[in-house]
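Listed below are the residues making up each chain.
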Amino acid sequence: AEVRVPSFKETVGTEWTRQFGRWVDGMTVENWRGYLDAALSPEARDRGFLHDVSLESMMLLRKLGEMGGEDAVKALMDARFTPAAAEAMEGWANKDAEAAMRWVEGNKFSPYFGENNEVLAKAVGAMIESDPDRVWKTFGQIREPLAREMIRRKGLEGMDELLWR
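This is a predicted model, so every value here is computed, not measured.

Undergrad: Quick question: what am I supposed to make of the packing of helix H5 (residues 82-95) against helix H6 (residues 97-107) here?
TA: Look at H5 against H6: their axes get within 5 Å of each other, and the N-to-C directions meet at 120°. Classified by the interaxial angle, the pair formed by H5 and H6 is oblique. Between H5 and H6, the contacting residues are Met 89, Trp 92, Ala 93 and Lys 95 on the first element and Ala 97, Ala 99, Ala 100, Trp 103 and Val 104 on the second. Of the residues contributing to the contact of H5 with H6, the split by class is eight nonpolar, no polar and one charged.

Undergrad: Quick question: what am I supposed to make of the layout of surface pockets here?
TA: If you roll a probe as big as a water molecule over the atoms, it shows you where there is empty space left. One number sums up the size of the second largest pocket: a volume of about 180 Å³. Val 53, Pro 83, Ala 86, Glu 87, Glu 118, Ala 121, Lys 122, Pro 145, Arg 148, Glu 149 and Arg 152 together form the lining of the second largest pocket. Among the elements of the structure, H5, helix H8 (117-130) and helix H10 (144-164) are those that each provide at least two residues to the lining of the second largest pocket. In terms of residue class, the lining of the second largest pocket is made up of five nonpolar, no polar and six charged.

Undergrad: Where do I start with the nonpolar core in this structure?
TA: Nonpolar side chains in soluble globular proteins generally cluster together in the buried interior. Within the largest apolar cluster, 45 residues are counted, with the highest numbers of intra-cluster contacts made by Trp 23, Met 27, Leu 60, Leu 64, Val 73, Leu 76 and Met 89. Of all elements in the fold, only helix H1 (13-25), helix H2 (32-40), helix H4 (55-78), H5, H6 and H8 reach the threshold of two or more residues within this core. No other element matches the eight residues that H4 contributes to this core. With sequence-adjacent residues up to four places away left out, Met 27 is seen in contact with Trp 32, Tyr 35, Leu 60, Lys 63, Leu 64 and Met 67.

Undergrad: When you look at the pattern of salt bridges in this model, what are you seeing that I'm missing?
TA: Pairs can form between side chains of opposite charge once their charged atoms are near each other. By the definition in use, this model includes seven salt bridges. A network of salt bridges, in which partner residues are shared, links Glu 15, Arg 18 and Arg 22.

Undergrad: Quick question: what am I supposed to make of the packing of aromatic side chains here?
TA: Aromatic ring pairs: the centre-centre distance and the angle between the two ring planes describe each pair. Using the criterion set out here, one finds three aromatic pairs in the structure. Centre to centre, the rings of Phe 20 and Trp 23 are 5.2 Å apart; their planes meet at 50°, and the pair counts as tilted. You can see Phe 20 and its partner Trp 23 sitting in helix H1, three residues apart, about one turn around the helix. Judged on exposure class, the residue Phe 20 and its partner Trp 23 are both buried. Taking 4.7 Å as the distance between ring centres and 40° as the angle between the ring planes, the aromatic pair formed by Trp 23 and Tyr 35 counts as tilted. Of this pair, Trp 23 sits in helix H1 while Tyr 35 sits in helix H2, and the two are 12 residues apart along the sequence.

Undergrad: Even after reading the chapter, I still don't get H8, so can you show me in this structure?
TA: Since the α-helix advances by 3.6 residues per turn, residues separated by three or four positions end up pointing in the same direction. Taking 1.5 Å as the rise per residue, H8 with 14 residues should run 20 Å; its terminal C-alpha atoms sit 21 Å apart, in good agreement. The buried fraction of H8 is high, at 10 of 14 residues. Among the residues of H8, Val 119, Leu 120, Ala 121, Lys 122, Ala 123, Val 124, Gly 125, Ala 126, Met 127 and Ile 128 are the ones counted as buried.

Undergrad: Please explain the side chain of Glu 90 as it appears in this structure.
TA: Looking at the element boundaries, Glu 90 is found in helix H5. Sequence-distant contacts of Glu 90, defined by excluding residues within four places in its chain, comprise Arg 62, Lys 122, Glu 149, Arg 152 and Arg 153.

Reading the values: the criteria
- Residues numbered from 1 in each chain as written.
- Predicted model: local features only at pLDDT ≥ 70, side-chain atom pairs only at ≥ 80, totals over all residues.
- Heavy atoms only, no water.
- Axes fitted to C-alpha atoms, helices over the stretch in contact; angles between N-to-C directions.
- Helix = DSSP H or I, 4+ residues; strand = E, 2+ residues; numbered from the N terminus.
- Parallel < 35°, antiparallel > 145°, perpendicular 65-115°, else oblique.
- Contact = heavy atoms within 4.5 Å.
- Nonpolar A, V, L, I, M, F, W, Y, C, P; charged D, E, K, R; others polar.
- 1 Å grid on protein atoms, 1.4 Å probe; cavity = no way out; pocket = protein on both sides within 12 Å on 5 of 7 lines; lining within 4 Å.
- Points joined across faces, edges and corners; volume = space filled by probe spheres on them.
- Core = buried A, V, L, I, M, F, W, Y, C linked by side-chain atoms within 4.5 Å.
- Buried < 20%, exposed > 50% of the residue type's maximum accessible area, 1.4 Å probe, protein only.
- Salt bridge = Lys/Arg side-chain N within 4 Å of Asp/Glu carboxyl O.
- Phe/Tyr/Trp six-rings, centres within 6.5 Å; stacked < 30°, edge-to-face > 60°.
- Expected span 1.5 Å × (residues − 1).

And the structure:
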């Protein structure tokens, strides 16, 4: 069945966000591609779901990452929606940091990451929670997008601990 972006034309503000959240909650491992197609549709593009960072787009994109993992992230990267792909990566990496990190390690020299450092940073940011030594070993040097993500997750004091332990 086709999944369409809800219009909820009669609703505004927090009620629209609640209804949108209920719609996103209907996403599963089996139907996530329909939600991705809906997010890539002209109607959704007109609404700016993949261009503008909003609570609604973050809910949708993180859930896409949780349900679609690598396939969802790659589809958004291939469509050149880097910030959207980064949000999907956050969903995937928070659900399965090990799988996301393995994918990053296998692709770290790929042209994908020349343009998509935000995507890489989200995966590595999730891994810093469980295996910081692996992050240092894999990357050696911490570039700005990754540093920002690590600070967002660990805070300055937490980063200080990691760097000087």
